[in-house]
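Coordinates in review
For reference, the chains in residue letters:
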Amino acid sequence: MLKANEHFKPMLVTESMQDRGAVSFLDISYVIALLARQKYLIAGSILLFGLCGLAYALLTPPSYRAVSQIIIDPRRLDLFQKDSLFTGAPVDVGTVESQVQLVGSERIASKVIDDLKLLTDPEFTSVQPSSALEVVINYLGYGPSAGDDVRPSRQAVLDSFQKRLDAKRVGLSYIIEVSFTSLDPAKAAKIVNALSDAYIEDIIAGRLGAIQRASSWLETRLEELGQRAVAADQALTAFKADPKNVGAAEMYAKVREMESNVSTYRALYDNFLQRYIQTVQQQSFPTVEARVAAMANPPSDKAAPKTLLILAIMLAAGGAVGTTLAAFRELLDRAVRTGDQLAEATGAPCLGILPALQIREPKRKRWFSSNRIKVEPVERQFKSEGILSVVESARFSRFSETIRSIKIAADLTIPGGRCRIIGISSCLPNEGKSTIAANFAHLIAGGGAKVLLIDTDLRNPKLSMLLTANPQLSLVEVVERPEILSQAVWWNASHPNLHFLPGRTVESEADSFDVLSSKGMHELLAQQATLYDYIVLDFAPLAPVVDVRAALSMVDGMLLVARWGVTTIKILERAVRMSDGLADKLFGVVLNRVDMKKLKQYDDLDSKYYHNSYYLKYRNVKESAAA
């Protein structure tokens, strides 16, 4: 009975490895690498937004903006002023802002709409697109047609008019800038000039109304004062003519009082009469403190759409959206991309990375049946050496160096002096564990050690498919009948130290577990351990099945294979956690099927370290020495 290696202590991830593998979004190099990894997504987003902006700029009808200026003159012309023709005090900020609001008021806008008959103008009566999407819809012919009754109301035309109108104060001056935007430059100038004139006319009309009201009030007061003055004069005359008042002492005081009243009424009458005359004269020549400083001319350049500005904004928005999507994509990408991530997830050192190999795999088929077992001796030669020749054809490649690193780690962590039983597995199918197991066994056998390679993946014996041609016996039969082992083992003349025991697909999932956990399996390994230096077991994946757990107590060490960009950190952590005893026997992990061109976008150090040029230098040195 085999016992677990009590002296086996797995290598742990060092603090320096964790520090080097730590990812920080504030790291400039990481941000640059992220942008490089997601360059197609970001470029696609920028291109899409740029095309949308360009389509909007090309499909939107150009509009033109005409501008006029109105000045609020704090001085006011007064023809009846004795000292100066101009009077008035400085205009405060509130007054100017009030005039700005008056220019954009509905009263002024309604007057211009009526004067220019804009209620029948197609530019204001037709429904205009309010967004880029509506522009595209109308361009494609899905918008309102010419026959549709979509004429807006007067209020809708007024709202549309005021949206195109803009009035603002120029700095701290007394100048008001009035602008209007239209599809026709001449119409824009005509409307903005009409607005300025309507504003001046409104002020004049307001001033005339005030003067007329003042004149009416003054006229009423003059009539009243005139009547009072006449009445006072008549009363004074009657008082003097009365014989009773002649010679009276108090007569003189009463006369003076009545004469004072008459004088007062006459003075008031004269003053009101003068103001009335001035007011009546101002009705024929009203003066206002506002005037047009600059008339609008038809603009030559369009105000909108600003093609360059739209493109710049849309390109920037596309870049921002693309970068945001790239960041979310990075956060959602939990696949293992670097050796440091793999080591941190499993708690075992990453022994190296292996590039993707192009090996043609045969179609899967079901082999064996209980009634086809033949025990007659046949020549059992390896069908193909393609999968085994990687470490030979490229001895100084990164692939071969990683396989050597696996052997060194196994020799250092598993005590010598007896057969080392090493299991190789992965978390998921199609991660390349069978290729690594075959090359690992071949490398050891090439060094002179006797190796038995066993395909223990009874769910999908891919290694048996690659190395053998229609085997008649397999591990399943050997466990049941140990005496036929010699008839089930395959070998090859070019690899005399390497023997292979194929596996086959079992009838049910429970059968594979029973085979690997059986007493016959224990006895088989114990017996072969006396004949071989190494026994390499190609196990089924950890995540979908429990076969590895059944045979974990029989191995001295485990190697875990993860596929670059496919195996997730969560699956790795769960596989190690759920497999009791795996962490104690896991002497290393490897990252397989790595895209070396993309690796530098995730780990620039590893991509440089594992570059083929370094290994080729050693080959060139060796060849030069041999020459």
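Residues numbered from 1 in each chain as written. Predicted model: local features only at pLDDT ≥ 70, side-chain atom pairs only at ≥ 80, totals over all residues. Heavy atoms only, no water.

A few words on the packing of aromatic side chains. Within this structure, the stated rule accounts for four aromatic pairs. Ring plane angle 35 degrees and centroid distance 6.2 Å describe the contact between F124 and F161, whose orientation is recorded as tilted. Note that F124 is positioned in helix α6 (residues 122-125) and F161 in helix α8 (residues 154-164), a separation of 37 residues in sequence. Of the two residues, F124 and F161, neither departs from the other in class, the shared state being buried. Ring centres of F124 and F180 lie 6.3 Å apart, and the angle between their planes is 35 degrees; this geometry places the pair in the tilted category. Here F124 is found in helix α6, whereas its partner F180 is found in strand β5 (residues 175-182), with 56 residues between them in sequence. For F124, a relative accessible area of 2% translates into the label buried. Taking the relative accessible area as the measure of exposure, F180 reaches 0% and is therefore buried. Chaining the aromatic ring pairs together yields one cluster made of F124, F161 and F180. (Phe/Tyr/Trp six-rings, centres within 6.5 Å; stacked < 30°, edge-to-face > 60°. Helix = DSSP H or I, 4+ residues; strand = E, 2+ residues; numbered from the N terminus. Buried < 20%, exposed > 50% of the residue type's maximum accessible area, 1.4 Å probe, protein only.)

Okay, the packing of helix α14 (residues 398-413) against helix α15 (residues 433-446) next. Between α14 and α15, whose axes approach to 10 Å, the crossing angle comes to 75 degrees. By the angle between their axes, α14 is roughly perpendicular relative to α15. Every residue of α15 that contacts α14 at F399, I403, R404, I406 and K407 is listed here: T435, I436, N439, F440, L443 and I444. Classifying every residue of the contact of α14 with α15 by side-chain character gives seven nonpolar, two polar and two charged. (Axes fitted to C-alpha atoms, helices over the stretch in contact; angles between N-to-C directions. Parallel < 35°, antiparallel > 145°, perpendicular 65-115°, else oblique. Contact = heavy atoms within 4.5 Å. Nonpolar A, V, L, I, M, F, W, Y, C, P; charged D, E, K, R; others polar.)

Okay, unusual backbone geometry next. The linkage connecting A304 with the following residue, P305, adopts the cis geometry, with an omega of -5 degrees. On the secondary structure map, P305 appears in the loop between β6 (290-294) and α11 (307-332). Phi at N430 takes a positive value of approximately 60 degrees, unusual for a residue other than glycine. When you line up the elements, N430 lands in the loop between β8 (420-426) and α15. Positive phi values are uncommon outside glycine, yet R593 reaches one of about 55 degrees. Since its relative accessible area comes to 32%, R593 is described here as partly exposed.

The next thing to look at is the pattern of salt bridges. Overall, the coordinates contain 24 salt bridges when judged by the stated rule. Here E201 and K111 are joined by a salt bridge, their closest N and O atoms 3.1 Å apart. In this pair, E201 is assigned in helix α9 (residues 185-241) and K111 in helix α5 (residues 106-115), connecting sequence segments 90 residues apart. We classify K111 as partly exposed; its relative accessible area is 33%. Across the pair D114 and R154 runs a salt bridge, and its minimum N-O distance is 3.0 Å. Of this pair, D114 sits in helix α5 while R154 sits in helix α8, and the two are 40 residues apart along the sequence. Look at D114 and you get partly exposed, because its relative accessible area is 42%. Ionic contacts of the salt-bridge type, sharing partners, join the residues D121, E123, R164 and K187 into one network. (Salt bridge = Lys/Arg side-chain N within 4 Å of Asp/Glu carboxyl O.)

Below, the discussion takes up the sheet that holds strand β13 (residues 557-563). Spatial ordering of the open sheet is given by β7-β14-β13-β8-β12-β9-β11-β10, a layout of eight strands whose pairing is mixed. Of all strands in the sheet, those with a lone pairing partner are β7 (350-355) and β10 (490-492), marking the two edges. This sheet shows a mean twist of 20 degrees between the axes of neighbouring strands, independent of strand direction. For β8 and strand β12 (residues 534-538), the ladder comprises five bridges, and the chain directions are parallel. Bridging across to β12, I422 finds its partner in V536. Along the sheet, α14 contacts β7, β8, β12, β13 and β14 (586-594); its crossing angle with β7, the most-contacted strand, is approximately 155 degrees. (Pairing = 2+ DSSP bridges.)

Any functional reading would require information beyond the geometric quantities listed.
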